[in-house]
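For reference, the chains in residue letters:
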Amino acid sequence: MMKPKCKSIATVLLGFAALILFILSTVAMLAKVEPFHSHYYSFAWWSYIVFLQSLLYSKGGNSLLFDNFRVFLLLSLLSLIVWLSFEALNFRLVNWRYINIPPDTSTRWIGYVTAYSTVLPGLFSTFEVLKLFGIFEKSNLAPFPDARKLYKPFIVSGAVLIILPLAWPRFFFPAVWLAFIFLLEPMNHRFGAPSLLRDWEKGSFRNLYLLLLAGFICGALWEMWNFKAGAKWIYTIPYLGFLKVFEMPLLGFLGFPPFAVECHAIVAAFFMLTRKIRERFSPPAARAIFAIATVLTFIFCILVLSGIDRWTILSYLPPSGYDK
């Protein structure tokens, strides 16, 4: 796909600017200069995302940031909501806590929003770059003749995988990183959304392998860029909290690949649902549904952000510590 030359040059320059920002913010973080020290995670991830999106655009790949900014913005907002859902689950699981968090509420909440909104753009930017460079191009296996046969076992498995960690979090906490795959894949397949089950029917496992690899890469970057940051998370994982790499216990890295697959299923279900609402309801009714959903989602986000402040933060910086 040919891109306008002037826009290609601009995106390349923006990519270089993102790379420079990443380098400068890393140096500033290590020197404990604010806001880079406390908010390094957000500076690093947004630099990474813009750089990859610039690379994708310049190479003719799928770059939402430059080709469809509205969808990119929606993906970022969905990223915030998705991760806040896992934060809400963590109120029960207590698998991670935050330390050295800025004491000012507005600064802290802006930090939450800018950090959590990078999760999906970071994952899918990585996925698209891997795809652009031909990773796993030849990854076909025997096709599955009829994925509809898997609907019932998938849905039952998904329900079990979400109930068990909520009922007995100490023993079954890892299951949350699998549950939504099984819950949502049948719906995505049934209603025409992008689906790994449909890929399997065609004998293609490439998207699955790319998602797993993207999840592992992003997981490594999440942990690496968290490790030296001022404001950061630490893990409180029962019985698996040994042999740490950065802050993450070694076995915990196994959760990142399926998390990427979960995110794929969630995003596919979201866009499918919004499409179905537009198709089945009149424009005024669809707008009313979206308005109600927006208000409810906003309330949910406020409640979870307040819950993070109350239950997930382990320590705050002293006011003077952040002002330096």
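Above: the structure in question.
Residues numbered from 1 in each chain as written. Predicted model: local features only at pLDDT ≥ 70, side-chain atom pairs only at ≥ 80, totals over all residues. Heavy atoms only, no water.

Draft legend 1. Geometry of the overall build of the protein chain. Tallying secondary structure elements over the protein chain gives 14 helices and 4 strands in all. On C-alpha atoms alone, the protein chain measures out to a radius of gyration of 20 Å, which is about the 20 Å that the 2.2 N^0.38 rule sets for 324 residues. Dimensions of the protein chain, computed from C-alpha atoms along their principal axes, come out at roughly 60 × 55 × 50 Å. Across the 324 residues in the protein chain, those meeting the buried criterion constitute 48%. Total accessible area on the protein chain stands at roughly 16,400 Å², and carbon and sulfur atoms take up 73% of it. Between the mean site of the 29 positive side-chain charges and the mean site of the 16 negative ones, the protein chain shows a separation of 4 Å. (Helix = DSSP H or I, 4+ residues; strand = E, 2+ residues; numbered from the N terminus. Rg over C-alpha atoms; globule rule 2.2 N^0.38 Å. Buried < 20%, exposed > 50% of the residue type's maximum accessible area, 1.4 Å probe, protein only. Areas by Shrake-Rupley, 256 points an atom, 1.4 Å probe, with all protein chains shown as cover. Lys, Arg positive; Asp, Glu negative; His and termini not counted. Charge placed at Lys NZ, Arg CZ, Asp CG, Glu CD.)

Draft legend 2. Here's a closer look at the nonpolar core. Of all hydrophobic cores here, the largest spans 76 residues; its most connected members are Trp45, Trp83, Tyr98, Tyr116, Trp222, Phe259 and Ile308. When near neighbours in sequence (up to four residues on either side) are disregarded, Trp222 contacts Tyr41, Trp45, Val119, Leu123, Trp233, Phe256 and Phe259. (Core = buried A, V, L, I, M, F, W, Y, C linked by side-chain atoms within 4.5 Å. Contact = heavy atoms within 4.5 Å.)

Draft legend 3. Molecular detail of the side chain of Ser117. One can find Ser117 in the loop between helix 5 (105–116) and helix 6 (119–132). For Ser117, a relative accessible area of 10% corresponds to the buried category. Within the structure, Ser117 has its side chain in polar contact with the backbone oxygen of Val113 (distance 2.8 Å). Those residues in contact with Ser117 that lie beyond four places of it in its chain are Trp46, Ser76, Ser79 and Leu80. (Polar contact = N/O pair within 3.5 Å; in protein donor to acceptor, adjacent residues only side chain to side chain.)

Draft legend 4. Structural detail: the pattern of salt bridges. Going through the model one piece at a time under the given rule, you end up with 4 salt bridges. Linking Asp309 and Arg108 is a salt bridge whose minimum nitrogen-to-oxygen distance equals 2.8 Å. Of the two residues, Asp309 is situated in helix 13 (residues 283–312) and Arg108 in helix 5; the sequence distance between them amounts to 201 residues. Relative accessible area serves as the criterion here: at 15%, Asp309 is assigned to the buried category. By relative accessible area, Arg108 is classed as buried at 6%. In this structure, the salt-bridge partner of Arg148 is Asp146, at a minimum N-O distance of 3.0 Å. (Salt bridge = Lys/Arg side-chain N within 4 Å of Asp/Glu carboxyl O.)

Draft legend 5. Structural context of helix 7 (residues 151–167). Taking 1.5 Å of rise per residue, the 17 residues of helix 7 would be expected to cover 24 Å, and the 24 Å separating its terminal C-alpha atoms lies within 8% of that figure. Residues of helix 7 that are buried include every one of Tyr151, Phe154, Gly158, Leu161, Ile162 and Pro165, and no others. Within helix 7, the buried residues cover an arc of 105° as seen down the axis, which keeps them to one side. Opposite its buried face, helix 7 presents the exposed residues Lys152 and Ile163, each directed more than 90 degrees away. (Expected span 1.5 Å × (residues − 1). Arc of directions from axis to C-beta.)

Draft legend 6. Broad picture of the side chain of Ser38. For Ser38, the location among the structural elements is in the loop between helix 1 (5–30) and helix 2 (40–58). Residue class for Ser38 comes out buried when judged on its relative accessible area of 6%. Within the structure, the side chain of Ser38 is placed 2.8 Å from the side chain of Glu34, a separation counted as a polar contact.

Draft legend 7. Geometry of a nonpolar patch on the surface. A cluster of nonpolar residues, Met224, Phe227, Phe242, Leu243, Val245, Phe246, Leu250, Leu251 and Leu254, forms a patch on the protein surface that exposes about 800 Å² of accessible area. Looking at the secondary structure, you find Phe246 in the loop between strand 3 (244–245) and strand 4 (248–249). (Patch = residues over 30% accessible without salt bridge, like charges linked within 9 Å, V, L, I, M, F, W, Y side chains within 5 Å.)

Draft legend 8. Structural detail: unusual backbone geometry. Residue Pro35 is bonded to the preceding Glu34 through a cis peptide linkage, with omega at 5°. Position of Pro35 relative to the elements: it lies in the loop between helix 1 and helix 2. For Lys32, which is not glycine, the phi torsion reads 60° and is therefore positive. The topology assignment puts Lys32 in the loop between helix 1 and helix 2. Judged by its relative accessible area of 60%, Lys32 falls in the exposed class. At Phe246, a residue that is not glycine, the phi angle is positive and equals roughly 60°.

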